[in-house]
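# Notes for the structure review
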Amino acid sequence: MNFKQAVREIIKRVTFIEILKGMALTLSRMFSRAVTIQYPKERRKIAPGFRGLHALARHPITREPKCVGCGLCATICPSQCIKITRANGKVEGYEIEVLRCIYCGFCVEACPYGAIAMTENYEYSDYSRQALLMTKDKLLANWDKYMAGEKGKEYFKKFWRPMSEDMGTPVNQAKGRGNAS
Amino acid sequence: MGIFENIISPAALDSLIKFGIDVGIILIKIVVVLGVALLHVAYATYFERKVIGHMQVRLGPMRVGPHGLLQPFADGLKLFFKEDVMPSEADKPVFYLSPIIFMAAAMTSLSFIPYTGNFMIADVNVGLLFLFAMSGLGVYGIFMSGWSSNSKYAFIGGLRSTAQVISYEIAMGLSLVGVMIMAGSLNLSDIVKAQENSTFGIFAIPQIIGFIVFVIAAVAETNRTPFDLPEAESELVAGYFTEYSGFRFALFFLGEYIGMLIMASLCTICFLGGWTIPWYITKILPFLSYVPGIVWFLIKVYAFIFFYYWIRATVPRYRYDQLMGIGWKILIPVALANILVTGLVKILW
């Protein structure tokens, strides 16, 4: 260390210049706008396509779940929180343990029929594990609550390209094969 | 009157009545000062949370009342109704006594502070020494609480606090010796009056070194960040009052915030001119001399308290050996040199 550096070091120590710089910063921040919000009163805007609580899509005409029980969602699920039971060729039980879910959205992506969706609801805390085990009825009710009408119709087209559109035979090649949605 | 004359002469009765009135006035003054001090503590916590919140780009308390203005009362109520937990292995009498010693020492100091030219509870000729003595007594409360809790965290916190407060008290006392030399008195009102008549109006300008040493020592003396090692959360839970809860915790809290108020008042009186403003300011803006002295006093005190919060929001905690190094190797020699120079100037001028 030469003489000049030593003098600079001494000046730095004596004048607390670094502490003063820090204090100037905190003072300037004091007069800036707070970044936090008053949560229950104010809420952040939810981005379109938010991945919140799950819902099972209901067919608009038959009012039945679109799910056929193929099990693709249960297979791809990284946390293995989807359990499907079938009886007599029909989906009897469809359960999601939302406490285990990581909200990756693979199930929605995997579903060829657009039968499972993720709603914008993120406030569903509860006191028991049982209350947070989403059964088929609860998931269908979620659909009615958050995805009814136009919203549910547009949802898959807007945020998820249904696999049927990618993998299905192009319409001009095989006439008569319907669109899965 | 006839009956009394047999027992007490009219002259003695007169002086007795006078004495009674004096006592009454002092009692009223004590009630006013204590009431204001307690209210101050309540809102100092609110002020602190708001200031630190905004410095951290948060909002601070917002829920209780408009902008959280009633938060101190909610906190106070909560503390009163909390369970008073006591460690089963604690040394009970000492455990009960220590928060009271701590708070009483802090509150006693309030009575020696001249708030304005004519409002103080006790105008003592050794006021400055008395303030030192009281802040020294407060250490007993801290150490006894740490000892009697029978908990390693409280014990280490108490030890640290004792060592820290004693070391920094030396630096603080020495930094004020310069002020004593310049004012030629230990009476706090005389110190303020000496500043009013001095060249610079406040002692903070000629005694700038003493002022800086005092500010650093005052922060350390009240165990505030960056010198809050006695209550270092990450190491010692809460330090010496780890085992205290409910009302007893509130007493420590009160003592700490009153300690801050006293340090701020001491700084105001000894370095910033107390209830007066420098003569050159009144010369430029003459209308300011109509503002009552208590306003200037409070502005200066709260500016210093704001400085406490500002430091807390900015500087991280020192290491323990750094803390001791600053106290013994830097502040005390600097303060001694300051005394030497001040004394020489005083003799030669």
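Residues numbered from 1 in each chain as written. Chains lettered and ligands numbered in written order. Predicted model: local features only at pLDDT ≥ 70, side-chain atom pairs only at ≥ 80, totals over all residues.

## A closer look at the overall build of chain A
Of the regular secondary structure elements, chain A holds seven helices and five strands. Each helix (α) and strand (β) of chain A, taken in turn from the N terminus, gives the series α-α-β-α-β-β-α-β-β-α-α-α. By residue count, 19% of the 181 residues in chain A fall in the buried class. Across chain A, contacts joining residues at least 24 apart in sequence account for 68% of those joining residues at least 6 apart. (Helix = DSSP H or I, 4+ residues; strand = E, 2+ residues; numbered from the N terminus. Buried ≥ 20, exposed ≤ 12 C-beta atoms within 10 Å, placed from the backbone. Contact = placed C-beta atoms within 7 Å.)

## So, the overall build of chain B
Counting its regular elements, chain B contains 13 helices and zero strands. Listed N to C, the secondary structure of chain B is α-α-α-α-α-α-α-α-α-α-α-α-α in terms of helices and strands. The C-alpha radius of gyration of chain B comes to 22 Å, within 12% of the 20 Å expected for a compact globule of 349 residues. Reported as C-alpha extents along the three principal axes, the dimensions of chain B are approximately 65 × 60 × 40 Å. Put simply, chain B has 349 residues, and 40% of those count as buried. When contacts within chain B are restricted to residue pairs at least 6 apart in sequence, those whose partners lie at least 24 apart make up 79%. (Rg over C-alpha atoms; globule rule 2.2 N^0.38 Å.)

## Comments concerning the sheet that holds strand β2 (residues 82-87) of chain A
All names here are of chain A. Judged by pairing direction, the sheet is antiparallel, and its three strands sit side by side in the order β2-β3-β5 without closing on themselves. At either margin of the open sheet sits one strand with a lone partner, and together these are β2 and β5 (133-134). Bridge count between strand β3 (residues 90-97) and β5: two bridges; the pairing is antiparallel. Within the sheet, the bridge partner assigned to Ile96 lies in β5 and is Met134. Sheet contacts for helix α5 (residues 136-146): β3 and β5; angle to β3, the most-contacted strand, approximately 80°. (Pairing = 2+ DSSP bridges. Axes fitted to C-alpha atoms, helices over the stretch in contact; angles between N-to-C directions.)

## Quick notes on the nonpolar core
Core analysis: the largest hydrophobic core is formed by 85 residues, its most contacted members being B:Phe214, B:Ala217, B:Cys267 and B:Phe271. For this core, the element with the most residues is helix α10 (residues 246-270) of chain B, which contributes 15 residues. Not counting the four nearest positions on each side in its chain, B:Phe271 is found in contact with B:Val179, B:Ile202, B:Phe203, B:Ala204, B:Gln207, B:Phe211 and B:Phe214. Grouped together as the second largest cluster of nonpolar side chains are 25 residues, A:Leu56, A:Ala57, A:Ile84 and A:Met147 included. (Core = buried A, V, L, I, M, F, W, Y, C linked by C-beta atoms within 7 Å.)

## As for the interface of chain B and chain A
Facing 10 residues of chain B, the contacting portion of chain A comprises 12 residues. Of all elements in the fold, only α2 (10-55) and α12 (293-314) of chain B reach the threshold of two or more residues within the side of chain B that touches chain A. Broken down by element, the residue count for the side of chain B that touches chain A peaks at three residues, all from α12(B). Its residues placed into classes, the side of chain B that touches chain A shows seven nonpolar, two polar and one charged. (Nonpolar A, V, L, I, M, F, W, Y, C, P; charged D, E, K, R; others polar.)

## Quick look at the packing of helix α5 (residues 127-148) of chain B against helix α6 (residues 152-183) of chain B
Residue and element names in this part refer to chain B. Viewed as axis vectors pointing N to C, α5 and α6 meet at an angle of 170°, and their least axial separation amounts to 8 Å. If you check the angle between α5 and α6, you find them roughly antiparallel. Counted by class, the contact of α5 with α6 contains 13 nonpolar, nine polar and one charged residues. (Parallel < 35°, antiparallel > 145°, perpendicular 65-115°, else oblique.)

## Some points on unusual backbone geometry
A positive phi angle is found at A:Arg63, which is not glycine, with a value near 65°. According to the C-beta neighbour criterion, A:Arg63 is exposed, with 9 such atoms within 10 Å. Although it is not a glycine, B:Asn223 sits at a positive phi angle of roughly 55°.

## Some details on the confidence of the model for chain B
All names here are of chain B. Residues at a pLDDT of 70 or more form 99% of chain B, whose mean pLDDT is 85. Per-element mean pLDDT across chain B ranges from 66 in helix α1 (residues 2-7) up to 89 in α12. Both scores are given for the predicted complex: the pTM is 0.79, the ipTM 0.71. (pLDDT = per-residue confidence, 0-100.)

## Thoughts on α6(B)
Taking 1.5 Å per residue as the helical rise, α6(B) with its 32 residues ought to reach 46 Å, and the 46 Å between its terminal C-alpha atoms agrees with that figure. Among the residues trailing α6(B), B:Gly184 stands out with phi positive, at a value near 70°. (Expected span 1.5 Å × (residues − 1).)

## Structural notes on the pairing of β2(A)
All names here are of chain A. Judged from the six bridges that link them, β2 and β3 form a sheet pairing that is antiparallel. Bridge pairing in β3 links Ile84 to Tyr94. Adjacent in sequence and paired antiparallel, β2 and β3 are bridged by two residues, among which Asn88 carries a positive phi angle near 55°.

## A few points about the environment of B:Ala303
Residue and element names in this part refer to chain B. Summarising the element assignment, Ala303 is placed in helix α12. Here Ala303 falls in the partly exposed class, since 13 other C-beta atoms lie within 10 Å of it. C-alpha of Ala303 to C-alpha of Lys18: the two residues are 285 residues apart in sequence and 40 Å apart in space.

## Some words on α5(A)
Residue and element names in this part refer to chain A. Residues of α5 that are buried: Leu139, Asn142 and Trp143. Summarising the axial view, the buried residues of α5 lie within an arc of 100°, below the 170-degree limit, and thus occupy one face. Exposed residues lying more than 90 degrees from the buried face of α5 are Asp137 and Lys145. On its buried face, α5 is in contact with β1 (54-56), β3, β4 (116-118), β5 and α6 (150-159). (Arc of directions from axis to C-beta.)

## Topic: the packing of α6(B) against helix α8 (residues 208-221) of chain B
Residue and element names in this part refer to chain B. Here α6 crosses α8 at 155°, and the two axes come no closer than 8 Å. What the angle tells us is that α6 and α8 run roughly antiparallel. Crossing of α6 over α8 shows left-handed handedness. Contacts between α6 and α8 involve Gln164, Val165, Tyr168, Glu169, Ala171, Met172, Ser175, Leu176, Gly178 and Val179 on the former and, on the latter, Gly210, Val213, Phe214, Ala217, Ala218, Ala220 and Glu221. (Left-handed = near helix turned anticlockwise from the far one by under 90°.)

## Examining the confidence of the model for chain A
Averaged over every residue, the pLDDT of chain A is 82; residues scoring 70 or more account for 88%. The lowest-confidence element of chain A is helix α7 (residues 163-167) of chain A, averaging 58 in pLDDT; the highest-confidence one is helix α3 (residues 72-76) of chain A, averaging 90.

## A word on the environment of A:Arg33
Residues and elements named next belong to chain A. By the secondary structure assignment, Arg33 is in the loop between α2 (17-30) and β1. We classify Arg33 as exposed; it has 7 C-beta atoms within 10 Å. The spacing of Arg33 and Met118 is 85 residues in sequence and 33 Å in space, taken between C-alpha atoms.

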